[in-house]
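So the chains spell out like this:
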Amino acid sequence: MSNSMVFRYDVDGDDFTLAGEISSKVKKRLKQLGLPPETIRKVAIAMYEAEINMVIHANGGTITVEVSPETIHIIFADRGPGIPDIDKAMEEGFSTASHEVRELGFGAGMGLPNIKKNSDKMTIDTKVGEGTTIELWMEVC
Amino acid sequence: MKLSEIASALELKPIAGADGMNREVNGCYIGDLMSLAMSNLEEGNLWITIQTNLNVIAVSALKEAGGVILADAMTPDANAAEKADEEEIPVFSSPLSAYQLAKRLAELGL
Ligand SMILES: Nc1ncnc2c1ncn2[C@@H]1O[C@H](COP(=O)(O)OP(=O)(O)OP(=O)(O)O)[C@@H](O)[C@H]1O
Ligand SMILES: [Mg+2]
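Note that the coordinates shown come from a computational prediction; the quantities given were computed from them, not determined experimentally.

Peer 1: Help me understand the sheet that holds strand 2 (residues 60–67) of chain A, please; the structure alone is not making it clear to me.
Peer 2: Two orientations exist for strands paired in a sheet by backbone hydrogen bonds: parallel and antiparallel. Residues and elements named next belong to chain A. Strand order in the open sheet formed by five strands is 1-2-3-5-4, with antiparallel pairing between adjacent strands. Since the sheet does not close on itself, it has two edges, and those belong to strand 1 (5–12) and strand 4 (121–127), each with one partner. Here the average twist between neighbouring strands, direction ignored, is 10°. Note: strand 4 against strand 5 (residues 131–139), seven bridges, orientation antiparallel. Of the residues in strand 5, the one forming a bridge with Thr126 is Thr132. This element, helix 1 (residues 21–32), spans strand 1, strand 2 and strand 3 (71–78) of the sheet and lies at about 160° to strand 1.

Peer 1: I would appreciate a short explanation of the side chain of Ser23(A) in the present structure.
Peer 2: Position of Ser23(A) relative to the elements: it lies in helix 1. Among the polar contacts listed, one links the side chain of Ser23(A) to the backbone oxygen of Met47(A), at a separation of 3.5 Å.

Peer 1: Help me understand the interface of chain B and chain A, please; the structure alone is not making it clear to me.
Peer 2: In many reports, interface size means the accessible area that the parts give up when they come together. Between chain B and chain A, the contact holds 20 residues from the first and 24 residues from the second. Overall, the association of chain B and chain A removes approximately 1,700 Å² of surface from exposure, summing both partners, and the carbon and sulfur fraction of that is 53%. It is Ser35(B), Asn55(B) and Leu62(B) in chain B that bury the most area against chain A; as a group they hold 32% of the surface buried on that side. Counting across the chain B and chain A interface gives eleven residue pairs in polar contact (both at pLDDT 80 or more). For the side of chain B that touches chain A, the elements supplying multiple residues, two or more each, are helix 2 (34–40), helix 3 (54–63) and helix 4 (78–87) of chain B. For the side of chain B that touches chain A, the residue count by class is nine nonpolar, six polar and five charged.

Peer 1: Could you clarify how one ought to interpret the packing of aromatic side chains in this entry?
Peer 2: Each aromatic ring pair is characterised by the separation of its centres together with the angle its planes make. Overall, the coordinates contain zero aromatic pairs over all chains when judged by the stated rule. Between the NZ or CZ atom of Lys121(A) and the centre of the ring of Trp137(A), over which it lies, the distance is 4.4 Å.

Peer 1: I keep staring at the pairing of strand 2 (residues 27–30) of chain B and nothing clicks. Help me out?
Peer 2: For a regular strand, side-chain orientation follows a simple rule: the groups alternate between the two sheet faces. Alternating positions in strand 2 of chain B separate cleanly, Gly27(B) and Tyr29(B) being buried on one face and Cys28(B) and Ile30(B) remaining unburied on the opposite face. A crossover links strand 2 of chain B with its parallel partner strand 3 (residues 45–49) of chain B, the connecting element being helix 2 of chain B, and its sense is right-handed.

Peer 1: What am I meant to see in the side chain of Asn114(A) here?
Peer 2: Turning to its location among the elements, Asn114(A) is positioned in helix 5 (residues 111–117). Note on Asn114(A): relative accessible area 0%, which makes it buried. Those residues in contact with Asn114(A), other than ones at most four positions away along the chain, are Ile45(A), Glu49(A), Ser35(B), Met38(B) and Ser39(B).

Peer 1: Help me out: how do you make sense of helix 4 of chain B in this one?
Peer 2: Owing to its 3.6 residues per turn, the α-helix aligns residues three or four sequence positions apart on the same side. Residues and elements named next belong to chain B. Along helix 4, the positions that sit buried rather than exposed are Ala80, Ala81, Lys83, Ala84 and Glu87. Buried residues in helix 4, looked at end-on, bunch into an arc of 165°, giving them a common side. In helix 4, the exposed residues that point more than 90 degrees away from the buried face are Ala78, Glu82 and Glu86. Glu88 sits one or two residues past helix 4 and shows a positive phi near 55°.

Peer 1: I'm lost on the sheet that holds strand 3 of chain B in this one. Help?
Peer 2: All names here are of chain B. Taken together, five strands build an open sheet; the order of strands is 1-5-4-3-2 and the sheet is mixed. Each edge of the open sheet is held by one strand with a lone partner, namely strand 1 (13–16) and strand 2. Sheet twist, expressed as the mean angle between neighbouring strand axes with direction ignored, is 30°. Where strand 2 and strand 3 come together, four bridges link them in parallel fashion. Paired with Ile30 across the two strands is Ile48, which belongs to strand 3. Against the sheet, helix 5 (residues 98–108) touches strand 2, strand 3 and strand 4 (67–70), its axis set at about 155° to strand 3.

What counts, and at which threshold
- Residues numbered from 1 in each chain as written.
- Chains lettered and ligands numbered in written order.
- Predicted model: local features only at pLDDT ≥ 70, side-chain atom pairs only at ≥ 80, totals over all residues.
- Heavy atoms only, no water.
- Pairing = 2+ DSSP bridges.
- Helix = DSSP H or I, 4+ residues; strand = E, 2+ residues; numbered from the N terminus.
- Axes fitted to C-alpha atoms, helices over the stretch in contact; angles between N-to-C directions.
- Contact = heavy atoms within 4.5 Å.
- Polar contact = N/O pair within 3.5 Å; in protein donor to acceptor, adjacent residues only side chain to side chain.
- Buried area = accessible area lost by both parts, 1.4 Å probe.
- Nonpolar A, V, L, I, M, F, W, Y, C, P; charged D, E, K, R; others polar.
- Phe/Tyr/Trp six-rings, centres within 6.5 Å; stacked < 30°, edge-to-face > 60°.
- Lys NZ or Arg CZ within 6 Å of the ring centre and 35° of its normal.
- Buried < 20%, exposed > 50% of the residue type's maximum accessible area, 1.4 Å probe, protein only.
- Right-handed = clockwise from strand over helix to strand, strands pointing away.
- Arc of directions from axis to C-beta.

Structure below.
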């Protein structure tokens, strides 16, 4: 673990027009670190989707990114409403997005499937009324 | 194909991100939903959309799009234009529809 770096970020839940900030910061950092473009691409896609979900569904939270030479481990933790049915939420096209955020182009119900597609391992720990923690692992390829 | 050539051939109105204007583009994606663009927009693609908010620029930057054309005379929100300058994502506006734009791009050989 001596070679690993940890970055922590708070995601503001108030302003969903500002979402994507953290993903863009992390992408720039990973580029500076010289990680392979394919790894960076996957991290960027998965992080954007999870970051947006935290903002539009859970009123913000925290993101922790741990970078080691072999793996990128990302933890998204929020204290939002939780996900009542994970299988349903993972289905392509399932969305509870509000009319307001649909107008901005969200609500295709493709975020979680995109996250899964772009990570090597994904876990979701959620409790209704308490919050959701999503963890991702990407191998540095 | 050079973005600047496309811009002049289609009489696109440059709005923001002028620093990225010398870029080459290699194809086109049309759509208005962020997660679909996130998964289908490819590096170097032009993105035709009617969405005008900041997320268009965020997705474009994360996916390294070649540029954005706002169809149907849409114009970007002020913070989106600002972000496009910062990220050097060229943004254009056109009175043409997405269909008409795509047709013209195909005629140009994109
Ligand atoms: N952090 C979260 N907290 C609570 N619910 C969530 C969270 N993330 C996702 N969900 C639920 O899972 C559903 C599916 O999420 P997903 O990201 O796939 O689609 P979406 O956000 O609705 O639309 P899209 O991502 O395509 O814009 C959401 O509509 C929401 O009900
Ligand atoms: Mg989503």
